[in-house]
Amino acid sequence: MSALDFVVLIGSMLGIAGYGIWRTRGRRSLETYLHGDRKTPWFAIGLSVMATQASAITFLSTPGQGYLGGLSFVQIYFGVPVALIIIAIFFLPIFRRLNVYTAYEFLGKRFDSKTRLLGAALFLLQRGLGAGLTIYAPAIVLTTVFGWPLNLTIICSGLLVIIYTVSGGSDAVTVTQKYQLGIIFAGMVTAFCLVVAKLPTGLTVTDTFALAGGFQKLNAVNFSTSIHERYTFWSGLLGGTFLMLSYFGTDQSQVQRYLSGASLREGRLGLMFNAVCKIPMQFSILLLGVLIFVFYQFEQPPLLFNPVSHQYLEQHNDSGQLQALESDFQKTHTQTREQIESWLAARHHGDETGAQTAFAAAAAAQQQGEAIRAKAEKALAANSGTTANDADYVFVTFILQQLPHGVIGLLVAAFFAAALSSKAAELNALGSSTTIDFYRHIIRRDATDTKCVAASRWFTALWGLVAIGFALCAHLAENLIQAVNILGSIFYGVMLGLFVVAFFVRRVGGTAVFWAALVAQALIFVLYFNLTISYLWYPLIGCAACVVFSLLLQMVLGGGGETDKMEAA
Amino acid sequence: MKRPAETESSSCESEETGLPFFHSWKSVYIFVLGSFVFWVALLVALTKYFS
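Residues numbered from 1 in each chain as written. Chains lettered and ligands numbered in written order. Predicted model: local features only at pLDDT ≥ 70, side-chain atom pairs only at ≥ 80, totals over all residues.

**Some remarks on the overall build of chain A**
Then comes step 1: Counting its regular elements, chain A contains 22 helices and zero strands.
Then comes step 2: On C-alpha atoms alone, chain A measures out to a radius of gyration of 25 Å, which is about the 25 Å that the 2.2 N^0.38 rule sets for 569 residues.
Then comes step 3: Taking the principal axes of the C-alpha coordinates as reference, chain A spans close to 75 × 55 × 45 Å.
Then comes step 4: Within the span of chain A, comprising 569 residues, buried residues form 55% of the whole.
Then comes step 5: Intrachain contacts of chain A at a sequence separation of at least 6 include 86% that bridge at least 24 residues. (Helix = DSSP H or I, 4+ residues; strand = E, 2+ residues; numbered from the N terminus. Rg over C-alpha atoms; globule rule 2.2 N^0.38 Å. Buried ≥ 20, exposed ≤ 12 C-beta atoms within 10 Å, placed from the backbone. Contact = placed C-beta atoms within 7 Å.)

The following block contains the structure:
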């Protein structure tokens, strides 16, 4: 990175954080600290919800997923529109009517204290565990590529987000997220335009799509009914709806965003904004990866995008295996490129048979190239016991090798903006839930507003430090990202089950739902260790188990359950 | 500790959306589902046409 890149990166990060602190100075009451001043318009809520969900890994890894696996990952978002409509109709009006600070406060009003604490504890457990990753995941990728010190990057970005989140609370998160998302979109749109500009002249839009489609990169929708396939239309629509319903409806980091709206209308429109924009946004990011794939059919790509993996192979390359693999990889790439050029010429001359023959040869050469890449990954795994994680490095390597200075700084700023925006919302939610559901509910019931704000600041800072500590130790576990993602999907279903029973099954009381949730959670653990189904199905199974067990347990306990306490509240 | 008064009415579905063209929440939800169907159809077409 050049000096210009550093000016763009540091200027934008510090500028946005400083503006957030200045705009939200003097937040004193609990209401304004946790909910903002309740004047947030729908567009700002929509952007805030979007920025909270889209972490840096979304923008770093998703183009890599498009490069390696095509568009099929977009199916995971098919559940978003339905889930957000359900939240807008059922969840949001009740949260606002009861004027709760946290989603789990609602469980206390509807059921009892122990169920509220269970919901809050499930949230703190999974979000707290994942907190470090939001900082660690982009830091490890960027420091690997740019050679920065990992620990210093984690500590600096972690402290920056702690300072403005602790200072301004919920409002600071919303205010900064608007500008951070602006940087992210500016960076991604610039990258998209530059990738298109870098494609060879003479390659039309239909040629590009035909080329990508021929290599199976445009297989966006798969109607397979196999539950073992990770991304299908059905797992996305059914499993994805439950996953998104759990995330947007019961995760405090999201609930806090849309509860900061000036009215019910603002919250609803913010959610609908996301319901409309999420699929096209993810599609565009994946398409960017597909375009990078097309670009690399005409330019020699590296054997492994992860530079550390490549270096490792170089250092442990006693038998000259790496040179042989690289030489073969280069040859197959040259063959692929030549055949694609023949295909293009035949296609433009209307020679269909010639085009088909050339493309078949290009596809065969490309497959050979992929086989060589797989061999290199296998050699790496055999030598080091780790995988290359190449998808995470495709986009950032492309940026560094192909884009001009200034744009590199803008895109790295975009990755950090994404990391800070989702981290800030997480810390804000962790601090709020700890204050409202534990401190004020159990420890200091008589705490004044001022004391609660002070406690919330301390808890936010504490969770921030926990996140930094966790990020600093994250390298000890290679599969941590995957583990925490799976952990989230394991807990989300039962958490959603608690809310579904609260909203829709009025005959069930607190004791029944509390024990049902614990049994359902145990069942999910058993299933997870014994089945090989896609993780997208666990939220659905967990939710269904919690609801069914609640009904059965209520029948055993007898009576019509507890009266709906909400009515009395 | 004082809490602000509850302000939302229970008849929230009848509340005005304040949007041009979409005056009821039902029409907003239909638009959202329509855009979802549009994107799925587009992605299916992309899959079928270019594969």
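**Some remarks on the overall build of chain B**
Then comes step 1: Counting its regular elements, chain B contains one helix and zero strands.
Then comes step 2: Looking at chain B residue by residue over its 51 residues, the buried ones come to 20%.

**A few points about the nonpolar core**
Residue and element names in this part refer to chain A.
Then comes step 1: Counting 195 residues, the largest nonpolar core has Ala 414, Phe 415 and Cys 546 as its most contacted members.
Then comes step 2: In terms of residues, this core owes the most to one element, helix α17 (residues 407–443), which gives 19 residues.
Then comes step 3: Here this core gathers at least three residues from each of two domains, domain 1 (3–295 + 401–568) and domain 2 (308–387).
Then comes step 4: If we ignore the near neighbours within four places in the chain, the residues touching Phe 415 are Ala 56, Phe 59, Leu 60, Pro 138 and Leu 142. (Core = buried A, V, L, I, M, F, W, Y, C linked by C-beta atoms within 7 Å. Domains from an automatic or database assignment.)

**So, unusual backbone geometry**
Then comes step 1: Residue Asn 99 of chain A is not a glycine yet carries a positive backbone phi of 55 degrees.
Then comes step 2: You can call Asn 99 of chain A partly exposed: it has 17 C-beta atoms within 10 Å.
Then comes step 3: Non-glycine residue Phe 21 of chain B carries a positive phi angle of around 75 degrees.
Then comes step 4: Mapped onto the fold, Phe 21 of chain B is located in the segment before α1 (25–50).
Then comes step 5: C-beta crowding within 10 Å serves as the criterion here: with 8 such atoms nearby, Phe 21 of chain B is assigned to the exposed category.

**Looking at the domain arrangement of chain A**
Residues and elements named next belong to chain A.
Then comes step 1: According to the domain assignment, chain A consists of domain 1 (3–295 + 401–568) and domain 2 (308–387).
Then comes step 2: The gap between the C-alpha centroids of domain 1 and domain 2 is 37 Å.
Then comes step 3: With seven residues of domain 1 at the interface, the matching set in domain 2 holds eight residues.
Then comes step 4: Looking at the side of domain 1 that touches domain 2, the element that brings in the most residues is helix α9 (residues 205–214), giving three residues.
Then comes step 5: Tallied by class, residues from the side of domain 1 that touches domain 2 come to three nonpolar, two polar and two charged. (Nonpolar A, V, L, I, M, F, W, Y, C, P; charged D, E, K, R; others polar.)

**A short note on the environment of Val 294 of chain A**
Residues and elements named next belong to chain A.
Then comes step 1: Among the secondary structure elements, Val 294 is positioned in helix α12 (residues 264–298).
Then comes step 2: Residues Val 294 and Pro 200 lie 94 residues apart in sequence; the distance between their C-alpha atoms is 9.7 Å.
Then comes step 3: The residues touching Val 294, leaving out its near neighbours within four places in the chain, are Leu 199, Thr 208, Leu 211 and Ala 212.

**Focus: the confidence of the model for chain B**
Then comes step 1: On average, residues of chain B score 78 in pLDDT, and 73% of them reach the 70 mark or higher.
Then comes step 2: Confidence estimates for the predicted assembly give a pTM of 0.86 and an ipTM of 0.83. (pLDDT = per-residue confidence, 0-100.)

**Quick look at the packing of helix α3 (residues 42–53) of chain A against helix α8 (residues 150–198) of chain A**
Residue and element names in this part refer to chain A.
Then comes step 1: At a minimum axis distance of 9 Å, the contact between α3 and α8 shows a crossing angle of 75 degrees. Accordingly, the angle class assigned to the pair α3 and α8 is roughly perpendicular. Contact with α3, carried on its side by Ala 44, Leu 47, Ser 48, Met 50 and Ala 51, involves Thr 174, Gln 177, Lys 178, Gln 180 and Leu 181 of α8 and no other residues of that element.
Then comes step 2: When its residues are assigned to classes, the contact of α3 with α8 shows five nonpolar, four polar and one charged. (Axes fitted to C-alpha atoms, helices over the stretch in contact; angles between N-to-C directions. Parallel < 35°, antiparallel > 145°, perpendicular 65-115°, else oblique.)

**Section: the environment of Phe 36 of chain B**
Then comes step 1: Secondary-structure assignment places Phe 36 of chain B in helix α1.
Then comes step 2: Phe 36 of chain B gets classed as buried once you count the C-beta atoms within 10 Å, which come to 21.
Then comes step 3: Those residues in contact with Phe 36 of chain B, other than ones at most four positions away along the chain, are Pro 81 and Ile 279 of chain A.

**Looking at the packing of helix α1 (residues 3–23) of chain A against α17 of chain A**
Residues and elements named next belong to chain A.
Then comes step 1: Look at α1 against α17: their axes get within 7 Å of each other, and the N-to-C directions meet at 30 degrees. Overall, the two elements α1 and α17 adopt an arrangement that is roughly parallel. Considering the relative orientation of α1 and α17, their crossing is right-handed. Residues Leu 4, Asp 5, Phe 6, Val 8, Leu 9, Ser 12 and Met 13 of α1 form the contact with α17, whose own contacting residues are Ile 408, Gly 409, Leu 410, Val 412, Ala 413 and Phe 416.
Then comes step 2: When its residues are assigned to classes, the contact of α1 with α17 shows 10 nonpolar, two polar and one charged. (Left-handed = near helix turned anticlockwise from the far one by under 90°.)

**A word on helix α6 (residues 103–110) of chain A**
Then comes step 1: The element α6 of chain A is largely enclosed, with a buried count of seven among its eight residues.
Then comes step 2: Inspection of α6 of chain A places Ala 103, Tyr 104, Glu 105, Phe 106, Leu 107, Gly 108 and Arg 110 of chain A among the buried residues, and these make up the whole buried set.

**Points about helix α5 (residues 80–97) of chain A**
All names here are of chain A.
Then comes step 1: Between its terminal C-alpha atoms α5 stretches 24 Å, which fits the 26 Å expected from 18 residues at 1.5 Å a residue.
Then comes step 2: For α5, the principal kink sits at Ala 88 and spans about 45 degrees.
Then comes step 3: Of the residues one or two after α5, Asn 99 is the one with positive phi, at around 55 degrees. (Expected span 1.5 Å × (residues − 1). Bend = angle between axes of the 7 residues up to and from the residue.)

**A short note on the confidence of the model for chain A**
Then comes step 1: Chain-level pLDDT for chain A is 85 on average; 93% of the residues reach the 70-or-more range.
Then comes step 2: Predicted confidence in chain A is weakest over helix α22 (residues 565–568) of chain A, with a mean pLDDT of 48, and strongest over α12 of chain A, with 94.

**What about the environment of Asp 5 of chain A?**
Then comes step 1: Within the element layout of this structure, Asp 5 of chain A appears in helix α1.
Then comes step 2: Each C-alpha atom, one on Asp 5 of chain A and one on Leu 411 of chain A, is 9.2 Å from the other, the two residues being 406 residues apart in sequence.

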